[in-house]
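# Per-entry structural report
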Amino acid sequence: MRAIAFVVRAISGLNAVIGHVFSWLSLAIVLVCFTVVVQRYVFATSILWMRDLYIWLNGAMFTAVAGFALLRNNHVRVDVFYRPAGVRRKAIVDLIGVIFFLLPFCTVVFVYAWPFVARSWRIYEGSANVGGMPGLFILKTFILGFAVLVGLQGIAMALRSILVLTGNEELLPENLRYESEEQKRQETAV
């Protein structure tokens, strides 16, 4: 069980590092977008590669931080039944959800994206806009990264569920455990 806890910590740590690093792209997106707007409306000009850049940064950021969002429970979930559920029920729901929905989804995304990304790398695909940015093949690779990172975080969720269901949740650090009833009460009181 300690090995399972180690794997959960390692995958969660990887997604946390990637999430913290790539979340800084949001600042770059704002700065580039602001620059494009100033160029367009103040100087009546536009640099096409800069318009590509903030769109590409946006795509890279959101695909890279998806596993981090899953780690932090910032993803979309129907909380009507999940939120009031106990820890064991949440673990069962997560385990079933990961096995039957999340991992198949990630597999389908990876399998269908692979030829798309491989073709892009073969031709060193660039922007469809004349004067746009080169290197679209790098951005398309983030689709594969998305599938891998979300899939890995799904595996970490499933393993965490197994630890809960076997009574070994204490092997995980506090930040990787399910929220307890006491923590819920403290949040609602604040």
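Cut-offs and rules
- Residues numbered from 1 in each chain as written.
- Predicted model: local features only at pLDDT ≥ 70, side-chain atom pairs only at ≥ 80, totals over all residues.
- Heavy atoms only, no water.
- Patch = residues over 30% accessible without salt bridge, like charges linked within 9 Å, V, L, I, M, F, W, Y side chains within 5 Å.
- Areas by Shrake-Rupley, 256 points an atom, 1.4 Å probe, with all protein chains shown as cover.
- Salt bridge = Lys/Arg side-chain N within 4 Å of Asp/Glu carboxyl O.
- Helix = DSSP H or I, 4+ residues; strand = E, 2+ residues; numbered from the N terminus.
- Buried < 20%, exposed > 50% of the residue type's maximum accessible area, 1.4 Å probe, protein only.
- Lys, Arg positive; Asp, Glu negative; His and termini not counted.
- Axes fitted to C-alpha atoms, helices over the stretch in contact; angles between N-to-C directions.
- Parallel < 35°, antiparallel > 145°, perpendicular 65-115°, else oblique.
- Left-handed = near helix turned anticlockwise from the far one by under 90°.
- Contact = heavy atoms within 4.5 Å.

### So, a nonpolar patch on the surface
Together, Ile92, Ile96, Ile99, Phe100 and Phe101 make up a nonpolar patch on the protein surface, roughly 530 Å² of accessible area in all. In this structure, Ile99 sits in helix H6 (residues 87–122). For Ile99, a relative accessible area of 45% corresponds to the partly exposed category.

### Structural notes on the side chain of Glu169
Structurally, the position occupied by Glu169 is in the loop between helix H7 (136–165) and helix H8 (181–189). Lacking a salt bridge, the buried Glu169 has Arg177 as its closest oppositely charged neighbour, with an N-O distance of 5.5 Å.

### Here's the deal with the packing of helix H2 (residues 25–42) against helix H3 (residues 48–64)
With their axes 9 Å apart at the nearest point, H2 and H3 run at an angle of 160 degrees to one another. In terms of their interaxial angle, H2 and H3 are classed as roughly antiparallel. Both H2 and H3 take part in a crossing whose hand is left-handed. Counted together, Leu25, Ser26, Ala28, Ile29, Val32, Cys33, Thr35, Val36, Gln39 and Arg40 of H2 and Met50, Arg51, Leu53, Tyr54, Leu57, Asn58, Ala60 and Met61 of H3 form the full contact between these two elements.

### Digging into unusual backbone geometry
For Ala44, which is not glycine, the phi dihedral falls at a positive 55 degrees. With respect to the helices and strands, the residue Ala44 is situated in the loop between H2 and H3. Judged by its relative accessible area of 70%, Ala44 falls in the exposed class. Even without glycine at this site, Tyr124 takes up a positive phi of about 45 degrees. With respect to the element layout, Tyr124 can be found in the loop between H6 and H7.

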